[in-house]
Amino acid sequence: EDQVTQSPEALRLQEGESSSLNCSYTVSGLRGLFWYRQDPGKGPEFLFTLYSAGEEKEKERLKATLTKKESFLHITAPKPEDSATYLCAVQASFWGKLQFGAGTQVVVTP
Amino acid sequence: IAGITQAPTSQILAAGRRMTLRCTQDMRHNAMYWYRQDLGLGLRLIHYSNTAGTTGKGEVPDGYSVSRANTDDFPLTLASAVPSQTSVYFCASSVGTGGYNEQFFGPGTRLTVL
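Keep in mind that what you see is a predicted model, and the values were worked out from it rather than measured.

**Regarding the overall build of chain A**
Here comes step 1: Scanning chain A from N- to C-terminus turns up zero helices and eleven strands.
Here comes step 2: Secondary structure elements of chain A, listed N to C terminal, follow the sequence β-β-β-β-β-β-β-β-β-β-β.
Here comes step 3: Compactness check: chain A gives a C-alpha radius of gyration of 13 Å against a globular reference of 13 Å for 110 residues, within 12% of the reference.
Here comes step 4: Taken along its principal axes, the extent of the C-alpha atoms in chain A is 45 × 30 × 20 Å.
Here comes step 5: When burial is assessed residue by residue, chain A has 47% of its 110 residues classed as buried.
Here comes step 6: Carbon and sulfur atoms make up 47% of the accessible area of chain A, which amounts to about 5300 Å² in all.
Here comes step 7: Side-chain charges in chain A split into 12 positive and 14 negative, and the spacing between the mean points of these groups amounts to 4 Å.

**So, the environment of D73 of chain B**
Residues and elements named next belong to chain B.
Here comes step 1: As for its placement among the helices and strands, D73 is situated in the loop between β7 (64-66) and β8 (76-78).
Here comes step 2: The sequence separation of D73 and G40 amounts to 33 residues, and the corresponding C-alpha distance is 29 Å.
Here comes step 3: Not counting chain neighbours up to four residues away, the residues in contact with D73 comprise C23, T24, M32, S67 and R68.
Here comes step 4: One polar contact links D73 to T24, side chain to side chain, over a distance of 2.7 Å.

**A look at the pattern of salt bridges**
Here comes step 1: Summed over all chains, the structure comprises seven salt bridges over all chains.
Here comes step 2: Salt-bridge contacts for R37 of chain A lead to D39 of chain A; the nearest nitrogen and oxygen are separated by 3.0 Å.
Here comes step 3: Judged by relative accessible area, which is 16%, R37 of chain A ranks as buried.
Here comes step 4: On the accessibility criterion, D39 of chain A (21% relative accessible area) is partly exposed.
Here comes step 5: Close ionic contact of K57 of chain A with E55 of chain A constitutes a salt bridge, the shortest N to O distance being 3.8 Å.
Here comes step 6: The exposure class of K57 of chain A is partly exposed, given its relative accessible area of 28%.
Here comes step 7: Where salt bridges share partners, they join R36, D38 and R44 of chain B into one cluster.

Calculation notes
- Residues numbered from 1 in each chain as written.
- Chains lettered and ligands numbered in written order.
- Predicted model: local features only at pLDDT ≥ 70, side-chain atom pairs only at ≥ 80, totals over all residues.
- Heavy atoms only, no water.
- Helix = DSSP H or I, 4+ residues; strand = E, 2+ residues; numbered from the N terminus.
- Rg over C-alpha atoms; globule rule 2.2 N^0.38 Å.
- Buried < 20%, exposed > 50% of the residue type's maximum accessible area, 1.4 Å probe, protein only.
- Areas by Shrake-Rupley, 256 points an atom, 1.4 Å probe, with all protein chains shown as cover.
- Lys, Arg positive; Asp, Glu negative; His and termini not counted.
- Charge placed at Lys NZ, Arg CZ, Asp CG, Glu CD.
- Contact = heavy atoms within 4.5 Å.
- Polar contact = N/O pair within 3.5 Å; in protein donor to acceptor, adjacent residues only side chain to side chain.
- Salt bridge = Lys/Arg side-chain N within 4 Å of Asp/Glu carboxyl O.

By themselves, these are just geometric observations and shouldn't be taken as functional.
Shown next as structure tokens:
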């Protein structure tokens, strides 16, 4: 059975304190790994798709990387507006079903 | 309309009542999905539709039904609500289902069943 585990569950950072979130997965044939950001009371907002091991993508202070067993979301010099829950999801089958992790709640304090 | 809209925003419902959550997208996406999000469990797929006229069951379909009469609309119906269906419900869509398809989410419906 496909599994996605995110760690830590919660992360509290000082503004400017870089850190990484982890998403480990067990799937039979990864077709894509997705990162989303979710603000309280809102729907998930798409950030990145990673397709193969070694791939990296960046957006502002966020950088996502992918290996054969896990993905990292690096937050460089975070700002309070980076506070959100970050969700990881994997697509293992052709038709597009996503398996989501439980998320990492990030709080960045000034 | 831009993207995905959901209605209502929130609802308190008595157990045993019938309820339909509405979802409309204006992106002409072929595929649509319904998820529920519960604390500590993440997003779980309820039902999906690859294209208008077709639907399928996800991970937690019991107690829910869907229809897809056209490309834009994908309503989710709770025939007889139970307290365990208290959750936040998200509708999503993607261009297709084959290959690599990012899913885009609506703002959600917060449902409380008493």
